[in-house]
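Summary of structural features
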Amino acid sequence: MTETPGQEMPFLDHLEELRKRLFWVAGAVVIGVIVAFVLLSKLDIIRVLERPILPLLHGQKLIYTHPGTSFHILLNASLVLGIILASPVVVGQLWGFLAPALYAHEKKIVVPVVASMVALFLAGVALSYFVVLPLTLRFLMSIESTALTPMISATEYFDFAISMCLAFGAVFEVPIAILALTALGIVTPQFLSRYRRHAIVVCLVAAAFITPGADPYSLFALAIPLYFLYELSVIVAQFAWRKREKRHARLDEEAGHPHNAGAPA
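Residues numbered from 1 in each chain as written. Predicted model: local features only at pLDDT ≥ 70, side-chain atom pairs only at ≥ 80, totals over all residues. Heavy atoms only, no water.

**Points about the overall build of the chain**
Across its full length, the chain holds 10 helices and zero strands. When the helices and strands of the chain are read in sequence order from the N terminus, they spell out α-α-α-α-α-α-α-α-α-α. The burial tally for the chain puts 31% of its 265 residues in the buried class. A sequence separation of at least 24 residues applies to 83% of the contacts in the chain between residues at least 6 apart. (Helix = DSSP H or I, 4+ residues; strand = E, 2+ residues; numbered from the N terminus. Buried < 20%, exposed > 50% of the residue type's maximum accessible area, 1.4 Å probe, protein only. Contact = heavy atoms within 4.5 Å.)

Okay, here's the thing in structure tokens:
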């Protein structure tokens, strides 16, 4: 396969192609939201989302103060699931737009990278829903005063739960972000290894911001996986850096120039 990207398109042709692909992306998202709305309506998504807090309500139920609360919750969940359902089309359109400008070696890593992004996102959501969210809720409700009667709004709880799950899913994309920075030569494995101790502090601070209440259980439930992901990123970055150096060395040899394999970009 050739290492040269395809024929460059005129700027106006690029804009026209981008407009068409954005149209398909928007259509896929709309269809995905509609399908998600129908599915979640039949699955009673509210009962699924309330499971982490249900044992802490002691037989009571979440309250609502507006007739449209259930629809608001269902719509928010449908938007999230609809975008996830439409993601294959979104990725396909993005790939179709960018592929002509990519080199052969860059095209080979697209599928593994996308699969890793999906797996990491789902892992972050699962950790939040099954572990961190119940721990956080247990801590927050354990410090409530006995003089207060808990009347938890369904809207506020579901917004809180969905936001936390999405935040965890986004944070778990750290290895992919570091891999991209390494491939671009912005960071090096040596840089990542040198600042390991700083990474511990950053993970703790990030976990404190993401987990409300800053209780030690939910704090470390996020900080520990975050640091594990950082170490995984160091390993992945070393692999990506070696591949990058080998590719540059081969291109330099073909061009008749020596290549310094150890010099960071």
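**Observations regarding a positive patch on the surface**
A contiguous patch of positive charge on the surface is contributed by K108, R242, K243 and K246. The leading source of residues in the positive patch is helix α10 (residues 216-255), at three residues. With respect to the helices and strands, K108 occurs in helix α4 (residues 104-108). Given the relative accessible area of 60%, K108 is considered exposed. (Patch = residues over 30% accessible without salt bridge, like charges linked within 9 Å, V, L, I, M, F, W, Y side chains within 5 Å. Areas by Shrake-Rupley, 256 points an atom, 1.4 Å probe, with all protein chains shown as cover. Salt bridge = Lys/Arg side-chain N within 4 Å of Asp/Glu carboxyl O. Lys, Arg positive; Asp, Glu negative; His and termini not counted. Charge placed at Lys NZ, Arg CZ, Asp CG, Glu CD.)

**Notes on the pattern of salt bridges**
It is possible for side chains of opposite charge to pair when their charged atoms get near one another. Tallying each qualifying case throughout the model produces four salt bridges. R21 is paired through a salt bridge with E17; the nearest N and O atoms lie 3.0 Å apart. Of this pair, R21 and E17 are both found in helix α1 (residues 11-43), four residues apart, which corresponds to roughly one turn of the helix. Owing to a relative accessible area of 18%, E17 belongs among the buried residues under this scheme. Between E50 and R47 there is a salt bridge, and its shortest N-O distance comes to 4.0 Å. Take E50: its relative accessible area is 13%, and that puts it in the buried class.

**Here we look at the nonpolar core**
Formed by 33 residues in total, the largest nonpolar core has its most connected members in L62, Y157 and F158. Broken down by secondary-structure element, the contributors of at least two residues to this core are α2 (45-49), α3 (69-98), α5 (110-142), α6 (154-171), α9 (196-210) and α10. In contact with Y157, other than residues within four places in its own chain, are L49, E50, P52, I53, L62, L133, L137 and I152. By size, the runner-up hydrophobic cluster in this structure holds six residues, among which are I178, L192, Y230 and V234. (Core = buried A, V, L, I, M, F, W, Y, C linked by side-chain atoms within 4.5 Å.)

**Considering the packing of helix α7 (residues 174-183) against α10**
Contact pair α7 / α10: the axes reach a minimum separation of 8 Å and the direction vectors enclose 25°. Accordingly, the angle class assigned to the pair α7 and α10 is roughly parallel. Crossing of α7 against α10: the hand is right-handed. Where α7 abuts α10, its residues V174, P175, I178, L179, T182 and A183 lie against L226, L229, Y230, S233, V236, A237, A240, W241 and R244. Among the residues making up the contact of α7 with α10, the classes are represented as 12 nonpolar, two polar and one charged. (Axes fitted to C-alpha atoms, helices over the stretch in contact; angles between N-to-C directions. Parallel < 35°, antiparallel > 145°, perpendicular 65-115°, else oblique. Left-handed = near helix turned anticlockwise from the far one by under 90°. Nonpolar A, V, L, I, M, F, W, Y, C, P; charged D, E, K, R; others polar.)

**Here's the deal with a nonpolar patch on the surface**
Together, I31, V35, L39, L43 and L85 give the surface a local cluster of nonpolar side chains, amounting to about 460 Å² of exposed area. Per element, the largest residue contribution to the nonpolar patch is four residues, and it comes from α1. With respect to the helices, strands and loops of the structure, L43 is situated in helix α1. Residue class for L43 comes out exposed when judged on its relative accessible area of 60%.

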